[in-house]
Amino acid sequence: NDNNGGVLSNSLKDSTTNVEVDTDEDQGEHKTCHIDNASNSNDIFTIYVGIAGQVVLALADTGAVYSSIHPDLVKQLNIPTHGLPVEVYGKGIGGEYMVDRFVYEKITLHDLRFDDHPFKVNKCGTSQFVMVLGADFFRKFELIINPANRSIGRQVAKNSFWELVMDTRNKKCRRKLFNLPVQV
């Protein structure tokens, strides 16, 4: 097994359905998600990520120090990679591994677009996910994680915030806005 079970393929695209989103909101890139996560009955916090014109299933992992992307996905989406000036080793549940490449990409979560972020290129520890959003991503964009209701949010003013709820088990996404002032 070369650990690429989550990489998009033409056969996968033809056999899965789209993500259901609230029709009152902009559907963003996730309206064409081709990932089938219905069989994932566990409580792992997964999220749809738009990258290079495709949508993939990613693991939201605050225990991962750095975000990562699978090398097969990098190749499939033709994302340019960059070398590291020194050998860097990562360590995770799958053991220790060398990281010698990274990508710098913009990503989309539902209809929220995030600026360029570095992703180390490695096999992400499992074939189920082709990306991992690590603590570096959540810290950089000052995001609040709520795994109990599978949401990511951000405070935008003293009493105002947005929340993005993604239940990949049911293929549903919605963004909520709380206490945003409307001026006349």
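Thresholds, definitions, all that
Residues numbered from 1 in each chain as written. Predicted model: local features only at pLDDT ≥ 70, side-chain atom pairs only at ≥ 80, totals over all residues. Heavy atoms only, no water. Helix = DSSP H or I, 4+ residues; strand = E, 2+ residues; numbered from the N terminus. Buried < 20%, exposed > 50% of the residue type's maximum accessible area, 1.4 Å probe, protein only. Contact = heavy atoms within 4.5 Å. Areas by Shrake-Rupley, 256 points an atom, 1.4 Å probe, with all protein chains shown as cover. Polar contact = N/O pair within 3.5 Å; in protein donor to acceptor, adjacent residues only side chain to side chain. Salt bridge = Lys/Arg side-chain N within 4 Å of Asp/Glu carboxyl O. Core = buried A, V, L, I, M, F, W, Y, C linked by side-chain atoms within 4.5 Å. Phe/Tyr/Trp six-rings, centres within 6.5 Å; stacked < 30°, edge-to-face > 60°.

A. How the structure looks around the overall build of the protein chain. Broken down by element type, the protein chain carries three helices and twelve strands. Counting all 184 residues of the protein chain, 45% fall into the buried class. A sequence separation of at least 24 residues applies to 55% of the contacts in the protein chain between residues at least 6 apart. For the protein chain, the accessible surface area stands at approximately 10,200 Å², while carbon and sulfur atoms represent 48% of it.

B. Focus on the side chain of Thr-168. Inspection of the secondary structure puts Thr-168 in the loop between strand E11 (160-167) and strand E12 (172-178). Engagement of the side chain of Thr-168 in a polar contact is seen with the side chain of Thr-46, the distance being 2.2 Å.

C. Representation of the pattern of salt bridges within the structure. Taken as a whole and judged by the stated rule, the model has four salt bridges. Of the charged contacts, one joins Asp-116 and Lys-106 as a salt bridge, the two residues approaching to 3.4 Å between their closest N and O atoms. Highlighted residues: Asp-116 in strand E7 (residues 112-121) and Lys-106 in strand E6 (residues 95-109), separated in sequence by ten residues. Exposure remark for Asp-116: the relative accessible area of 25% places this residue in the partly exposed category. In this structure, Arg-154 engages Glu-142 in a salt bridge whose closest nitrogen and oxygen atoms are separated by 3.3 Å. Taken together, the positions of Arg-154 in strand E10 (residues 151-157) and Glu-142 in the loop between helix H3 (135-140) and strand E9 (144-146) put the pair twelve residues apart, joining distant regions of the chain. Relative accessible area serves as the criterion here: at 30%, Arg-154 is assigned to the partly exposed category. Taking relative accessible area as the criterion, Glu-142 reaches 53% and is therefore assigned exposed.

D. Summary view of the nonpolar core. Ile-69, Ile-107, Leu-109 and Met-131 are the most contacted members of the largest nonpolar core, which totals 38 residues. At the level of secondary structure, the elements contributing two or more residues to this core comprise strand E2 (46-51), strand E3 (54-60), helix H2 (71-76), E6, E7, strand E8 (131-133), H3 and E11. When residues in this core are grouped by element, the largest group, six residues, is from E3.

E. Fine view of the packing of aromatic side chains. Going through the model one piece at a time under the given rule, you end up with five aromatic pairs. Relative to Phe-141, the ring of Phe-137 lies with its centre 5.0 Å away and its plane at 55 degrees, an arrangement referred to as tilted. Taken individually, Phe-137 and Phe-141 each receive the classification buried, so the pair is uniform in this respect.

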